[in-house]
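# Descriptive analysis of the structure
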Amino acid sequence: FDCFCGANPKTQKKIRFVMEMAWQQHFVTNMFIRPKSEADLDDFEPDFTVVNCCSQTNEDWERHGLNSDVGAVFNVEKKKAVIFGTWYGGENKKGIFSLMNYWLPMNDPPQLPMHCSANVGKDGDTALFFGLSGTGKTTLSADPHRALIGDDEHGWDDEGIFNFEGGCYAKTIDLSEKTEPDIYRAIRQDALLENVTLVEEDGKIVPDYHDVSITQNGRVSYPIFHIDGYHEPQMAGHPNNIIFLTCDAFGVLPPVAKLSSGQAMYHFISGYTAKVAGTERGIKEPTPNFSACFGAAFLTLHPTRYADLLQQKLDKHGSTAFLVNTGWSGGAYGVGERMSIKTTRAVIDAILDGSIHESEFDKDELFGFDIPMTLEGLDKSVLHPKNTWSDKAAYDEAAKKLAGMFAKNFEQYSDKGSTDYTQYGPKI
């Protein structure tokens, strides 16, 4: 299957996939930018070729110094890749994303590749949503009042934002039309369900999105035009708002905080969320998960390289960054409660319509960011997390513990890059 990566023709890459399984070819047909006509394929010379032989394994993996008999091997110089031993469709798209993370910063002028979703309002205001798996990146960018640019991978150049892909790859765990209508309705002919249990209901075979007995990583891929009102150009202007999503299972971070430019870089490099019981084997209590630039697994250059590029973009275009917690409130996981989608939606709406700037802000003494004191549609008591804890001393202890985790993780980035962003972290 011959296709393209990158909606901006100036930096678009030609990709060829050679697949063992028909369903995997359908996956990349959904996920990448399709040729619009046969003319697009005239004299098609791929910039990169991926051979997916998923049923094959490497029996000599130990002798080759690998961790298992599974491999995704990419050779930039030979412009070829081989994927084997894994049936996961996501390996195809994430492999090419890793290459874009290498290619784009090398351009002149350098361009910023990003693991984020993006949408655009009716007035052309663009927003970016960064976040690790389970933080709501796909869900929150699928907004009925805004046009979706893309749900996962984008670039930022001198003209603005552009999508890398031609489709979406959403989690299906507990999916319902009520909570995520755009994604639910996108599952129709040509959508591809992966790791989803099928059950018989009223004589029909239907998906059971609540059955996670095999894995919690149920997925659906579908072409972006399955989303009503998607942004057809797949390119838009420079973003007004940048949102860093985190699922804080310690119940410490506020529903929303405004970040200074320096703080934005600190949290971008940190890439924090938390794992909770049930998400991975062996996880029995909240565990911090720091993934640089919200996508460490896909970075091919040092994280500060991307942070420096983001810093330049923020300063040049005046974008405002926010930290939004979709995790726990009123206590840690097991004690408090998960933020409701209604609360998070109200926060996102306030950011996107600009009403959050009308609020007065209270500076958090430990983390240094600014917490709004009021937001339309929300009880002001939920805006500062300490107010939601019945045991205030326990909150203070948990906050200091989390701040220490941030500081410990960031030690590896001290004195790296053009700026030492350590100074913008928690004051402990």
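Note that the structure is a prediction, hence the values are computed from the model and not measured.

Definitions and limits used
Residues numbered from 1 in each chain as written. Predicted model: local features only at pLDDT ≥ 70, side-chain atom pairs only at ≥ 80, totals over all residues. Heavy atoms only, no water. Helix = DSSP H or I, 4+ residues; strand = E, 2+ residues; numbered from the N terminus. Buried < 20%, exposed > 50% of the residue type's maximum accessible area, 1.4 Å probe, protein only. Contact = heavy atoms within 4.5 Å. Patch = residues over 30% accessible without salt bridge, like charges linked within 9 Å, V, L, I, M, F, W, Y side chains within 5 Å. Areas by Shrake-Rupley, 256 points an atom, 1.4 Å probe, with all protein chains shown as cover. Salt bridge = Lys/Arg side-chain N within 4 Å of Asp/Glu carboxyl O. Pairing = 2+ DSSP bridges. Axes fitted to C-alpha atoms, helices over the stretch in contact; angles between N-to-C directions.

## Some thoughts on the overall build of the protein
Scanning the protein from N- to C-terminus turns up nine helices and 25 strands. The C-alpha extent of the protein, read off along each of the three principal axes, is 60 × 60 × 50 Å. Here the protein holds 428 residues, and the buried ones make up 53% of them. Taking all contacts inside the protein whose residues are at least 6 apart in sequence as the whole, residues at least 24 apart take part in 71%.

## Thoughts on a nonpolar patch on the surface
A grouping of Val18, Val51 and Val82 is seen on the molecular surface, where their side chains present a nonpolar patch of about 190 Å² in accessible area. Tracing the backbone through its elements, the reader meets Val82 in strand E5 (residues 80–84). Exposure remark for Val82: the relative accessible area of 34% places this residue in the partly exposed category.

## Remarks on the sheet that holds strand E3 (residues 48–53)
Within the open sheet, the five strands sit side by side as E1-E2-E3-E5-E4. Their pairing is mixed. Edge positions in the open sheet fall to strand E1 (2–5) and strand E4 (71–75), since each of these has one partner strand only. Ignoring which end each strand starts from, the neighbouring axes of this sheet average 20° apart. Looking at chain direction, E4 and E5 are connected through five bridges and run antiparallel. Within the sheet, the bridge partner assigned to Gly71 lies in E5 and is Phe84. Its contacts with the sheet put helix H2 (residues 90–103) on E1, strand E2 (13–19), E3, E4 and E5, and the angle it makes with E2 is roughly 150°.

## Considering the sheet that holds strand E11 (residues 167–171)
With antiparallel pairing, three strands are arranged side by side in an open sheet as E11-E15-E12. Of all the strands in the sheet, just E11 and strand E12 (192–194) have a single pairing partner and so form its edges. Recorded for the sheet is a direction-independent mean angle of 20° between the axes of neighbouring strands. Of the strand pairs in this sheet, E11 and strand E15 (residues 219–223) are connected by five bridges, and their pairing is antiparallel. Of the residues in E15, the one forming a bridge with Cys168 is Tyr222. Where helix H1 (residues 22–31) meets the sheet, its contacts fall on E11, E12 and E15, and the angle it forms with E12 comes to roughly 115°.

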